[in-house]
Amino acid sequence: MSDALAAFLEATVRTATPLALAALGESVTERAGVINIGLEGAIMAGAFGALVGAGLAPGAGGALLGFAVGALAGLLAAALFAAFAVGLRADQIITGTAVTLASLGLTGTLYRTLYGETGAALTLPTTPPAPIPGLSAIPLLGRALFAQPPATYLLYLLVPALAWWSSRTHAGLALRAVGERPDAAVAAGIRPRRVQLAATLFGGALGGLAGATLVLAQAGTFAEGMSAGRGFIAIAIVVLGRWHPVGVAAAALLFGAASALQYLFQAMGWQLPYQLFLALPYLLTLVVLASVSGRAAAPAALGQR
Amino acid sequence: MPLRPLAVGAATLLLAAGGLVLLLAATGHDAAGALSALWAGAAGSRYALLSATLVRATPLILAGLAVAIAFRAGILNVGAEGQLLAGGAAATAVGLAGAPILGILAAPAALIAGVAAGAAWAGIAALLRRRFGVLEVISTIMLNFVALHAAGWLVRGPLQEPQRIYPQSPSLPDAARLPILVPESRLHVGFALAVLAGVALWALLRFTAAGFRLRAAGLNPAAAASAGLIAVPAVTTGAFLLSGALAGLAGAVEVTGVTYALYENLSPGYGYTAIAVALLARLHPLSVVVAGIGFGALEAGAGAMQRDAGVPAVVVTVVEALLILLVLAADRLRDVRPAAPARERAA
């Protein structure tokens, strides 16, 4: 039983990792008053970028390159979004929908063009779990928290860094000012459009990293549409986490747990249709949004043009 | 359909076609060969026109109308895909069960079931928005994935064909199938229904009090409410249900007119393409019919392009996205994205 529980916790953290990366990025974007529904597209672009990058070099170097190209691809998807939503002040929601469509179509087209019509099943170098000596031996939680791929450890640095940055630095406060009161920010000498552009690009890069994590730390291969709505789930995670890095990371863990629940059920021998587990994260998103939306304090200028 | 939007539409299409040529060239395909295959597959023959393009256009028109009517009311329903699947599943169940009892009434009963299921699926998102303030962009997308997995469960469980070999439902009996519209083609009565729905919605928006309320609630909810004549939440919910009903009809028509069975992948993304259809038509019901036929041609042609020129059919998704972005750039959709209060809600 404790083996099953430990495996469940490990799977929870593993599946939460890409969600947390994407949601942390989106929380920064939203703090600047921009809601990027195109995050789904950024994740997909990141996954494809990881495929291309990892193919450039064998072994660990390829994985590293995969993460870099993945982040860059996510940034480019966000740049397309920002050109319309921030530059032209076009409707953010519709722009985001278009960017997601564009990214799904483009990655699918390029994938089939580069790797054949059916898309050969590719095996890519993955970043294996790197257990931290000592800590990973802690009963129950040790393996879940300290025997994960490096992408998870990146989160351990990113969450406190973002929490500190957004509340203690001039740039972090400028970001929040733009999302709350853009006119007041202008009076303080801040240029809202620049801040929004930077925040959107940062969110896209983290979305790209999330996609790269799916490919390089989890699946070990690429599939069309493998983002599977994670961008939208990440947006729900931002709401649940109340736009705060620690809250966002905790909310991501909740969604990771929902995805990992099937392992626990299998171990306990409970028979349920597996589609129920596949649908669980999406159902959880609905429940969470219903219970939190009314009370959540979104950045006041969120989504405004 | 005034002239200026038509001109903008034509310019948009030309730019998107240019984008397609660039993309084909950049990915190393023979652009001329691919485009001629696209044309041949979309309009090159009687078969292409009737049995490929117009058959494909049918669910796109209905789902496009669903998106358009919702957007007009200030609702960003991007859940047509899930509502379509719900409609297809219900139509299959009722068609299968009803055929022995209802005779020729089985097909209409299946359509009605599809309409009801689509409206019910949209109703979940409508309820979440009205009671809990959940942004429908997120909730309807989540419901799309739930519908997909629910359909996957149905065709491997309760609705699976008796031999239990393939993940699909049994084939619908003749009584539950839609009649063919044009002899010696695959064009079914559903196409006529889709065109009729477009005309009916246009008349509703233009000539009826309900249509006026819907447009007013979408354009400026605060003004509509303060005018005292319009119960905005009720109108919004009504429009949401109507939207879901249309998308559900799209799924029911696809099952009873084309596939005659429920599959997990009943829709190759009709519900998402419908967003592009509606936006390119600038949310005008009659233009949706035209745009739906255009996108039907594009999708039919894309299939031929993949078969005959080896160009991945997903390339049309890029063209669709490009079209949306070009329309956004053309006018930033200021006139169709009102819903100011939606902006104050969290998400």
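All of these numbers come straight from a predicted model, not from anything done at the bench. The numbering scheme is per chain: residues are counted from 1 as the chain's sequence reads. Chains carry letters and ligands carry numbers; both start at the beginning, A for chains and 1 for ligands, and go up in the order they are written. Residues qualify for local features only when their pLDDT is at least 70, as the model is predicted, and side-chain atom pairs are given and counted only at 80 or more; totals for whole chains, interfaces and linings, by contrast, use all residues. Calculation of side-chain values draws on the structure's entire complement of heavy atoms; hydrogens and water are dropped beforehand.

Along chain B, the regular secondary structure elements total 14 helices and 0 strands. Helix and strand labels come from DSSP, where a helix needs a run of H or I of at least four residues and a strand needs a run of E of at least two; each type is numbered from the N terminus. Counting from the amino terminus, chain B carries its helices and strands in the arrangement α-α-α-α-α-α-α-α-α-α-α-α-α-α. The quantity called the radius of gyration is restricted to C-alpha atoms. Its globule counterpart is 2.2 Å times the number of residues to the power 0.38. Here the C-alpha radius of gyration of chain B, 20 Å, is about what a compact globule of 347 residues would show, namely 20 Å. Counting only C-alpha atoms, chain B reaches 55 × 55 × 35 Å along its principal axes. Only protein chains enter the calculation, and the probe is 1.4 Å; a residue is then buried if its accessible area is under 20% of its type maximum, exposed if over 50%, and partly exposed in between. Out of the 347 residues belonging to chain B, those deemed buried represent 57%. Taking the contacts inside chain B whose residues are at least 6 apart along the sequence as the reference set, 75% of them involve residues at least 24 apart. For every accessible area listed, the method is Shrake-Rupley and the probe measures 1.4 Å; residues are considered covered only by the protein chains on display. For chain B, the accessible area works out to roughly 13300 Å², and carbon and sulfur atoms hold 69% of it. We score Asp and Glu as negative and Lys and Arg as positive, and we do not count His or the chain ends. A charge is said to be at NZ when it belongs to Lys, at CZ for Arg, at CG for Asp and at CD for Glu. Taking the average place of the 21 positive charges on the side chains of chain B and the average place of its 14 negative ones, the gap between the two points comes to 12 Å. Contacts were defined at the residue level, with two residues in contact if any of their heavy atoms lie within 4.5 Å.

Our next topic: the confidence of the model for chain B. All names here are of chain B. Mean pLDDT over chain B: 88, with 93% of residues reaching 70 or higher. The predictor reports its confidence for every residue as pLDDT, a score running from 0 up to 100. Within the model, pLDDT remains below 50 along residues 333-347, and this stretch shows 44 contacts once partners closer than five positions in the same chain are excluded. For this predicted complex, the interface confidence reaches an ipTM of 0.86, while the overall pTM sits at 0.88.

A few words on the nonpolar core. In these notes, a set of buried Ala, Val, Leu, Ile, Met, Phe, Trp, Tyr and Cys residues joined through side-chain atoms within 4.5 Å is what counts as a nonpolar core. In terms of nonpolar packing, the biggest core is built from 186 residues, with F222 and I237 of chain A together with I324 of chain B touching the most fellow members. Looking at this core, the element that brings in the most residues is helix α3 (residues 46-72) of chain B, giving 15 residues. The residues touching I324 of chain B, leaving out its near neighbours within four places in the chain, are I94, A98 and L101 of chain A together with I275, A276 and L279 of chain B.

Quick look at the interface of chain B and chain A now. Every contact between the two is made by 44 residues of chain B and, on the other side, 49 residues of chain A. Two parts placed together each lose some accessible area; with a 1.4 Å probe, that loss summed over both constitutes the buried area. Buried surface at the junction of chain B and chain A, summed over both partners, amounts to about 4200 Å²; 76% is from carbon and sulfur atoms. For this document, the term salt bridge refers to a Lys or Arg side-chain nitrogen within 4 Å of an Asp or Glu carboxyl oxygen. There are 0 salt bridges connecting chain B and chain A. Two N or O atoms count as a polar contact when they lie within 3.5 Å, although within protein this holds only if one can serve as hydrogen donor and the other as acceptor, and sequence-adjacent residues are included solely when both atoms are side-chain atoms. Put simply, chain B and chain A have 1 residue pair in polar contact (both at pLDDT 80 or more) between them.

Exposure above 30% relative accessible area and the lack of any salt bridge qualify a residue for a patch; like charges then connect within 9 Å, and the nonpolar side chains Val, Leu, Ile, Met, Phe, Trp and Tyr within 5 Å. A grouping of L135, I138, L140 and L141 of chain A is seen on the molecular surface, where their side chains present a nonpolar patch of about 320 Å² in accessible area. For L141 of chain A, a relative accessible area of 45% gives the class partly exposed.

So, about the confidence of the model for chain A. Here chain A shows a mean pLDDT of 86. Residues at 70 or above account for 96%. For chain A, the element scoring lowest by mean pLDDT is helix α5 (residues 141-146) of chain A, at 78; helix α9 (residues 192-219) of chain A scores highest, at 93.

With that settled, consider helix α10 (residues 232-259) of chain B. Residue and element names in this part refer to chain B. In a regular helix each residue adds 1.5 Å, so 28 residues correspond to 40 Å; α10 covers 39 Å between its end C-alpha atoms and thus fits that length. Judged by how many residues are buried, α10 sits mostly within the fold: 22 of 28 residues are covered. Where α10 ends, the next residue or the one after it, Y260, has phi of about 60°, a positive value. Expected helix span is given by 1.5 Å per residue-to-residue step, counting one fewer step than there are residues.

It is worth spelling out the packing of aromatic side chains at this point. Stacked, edge-to-face and tilted labels apply to pairs of Phe, Tyr and Trp rings (six-membered ring for Trp) whose centres lie within 6.5 Å, assigned for plane angles under 30 degrees, over 60, and everything in between, in that order. In the structure shown here, the tally under the stated rule is 6 aromatic pairs over all chains. Each ring, one from Y111 of chain A and one from Y115 of chain A, has its centre 5.6 Å from the other, and the planes form 40°; the classification is tilted. Placement of the pair is Y111 of chain A and Y115 of chain A together in helix α4 (residues 92-115), with a separation of 4 residues, close to one helical turn. Residue class for Y111 of chain A comes out buried when judged on its relative accessible area of 4%. With 4.8 Å between their ring centres and 55° between their planes, Y111 of chain A and F222 of chain A make a pair best called tilted. Residue Y111 of chain A is found in helix α4, and its partner F222 of chain A is found in the loop between α9 and α10 (230-240); the two are separated by 111 residues along the sequence. Aromatic ring contacts, followed pair by pair, group F48, Y111, Y115 and F222 of chain A into a single cluster. Taking the ring centre of Y260 of chain B as reference, the NZ or CZ of R177 of chain B above it sits at 3.9 Å. Criterion for a charge above a ring: Arg CZ or Lys NZ at most 6 Å from the ring centre, at most 35 degrees from the ring normal.

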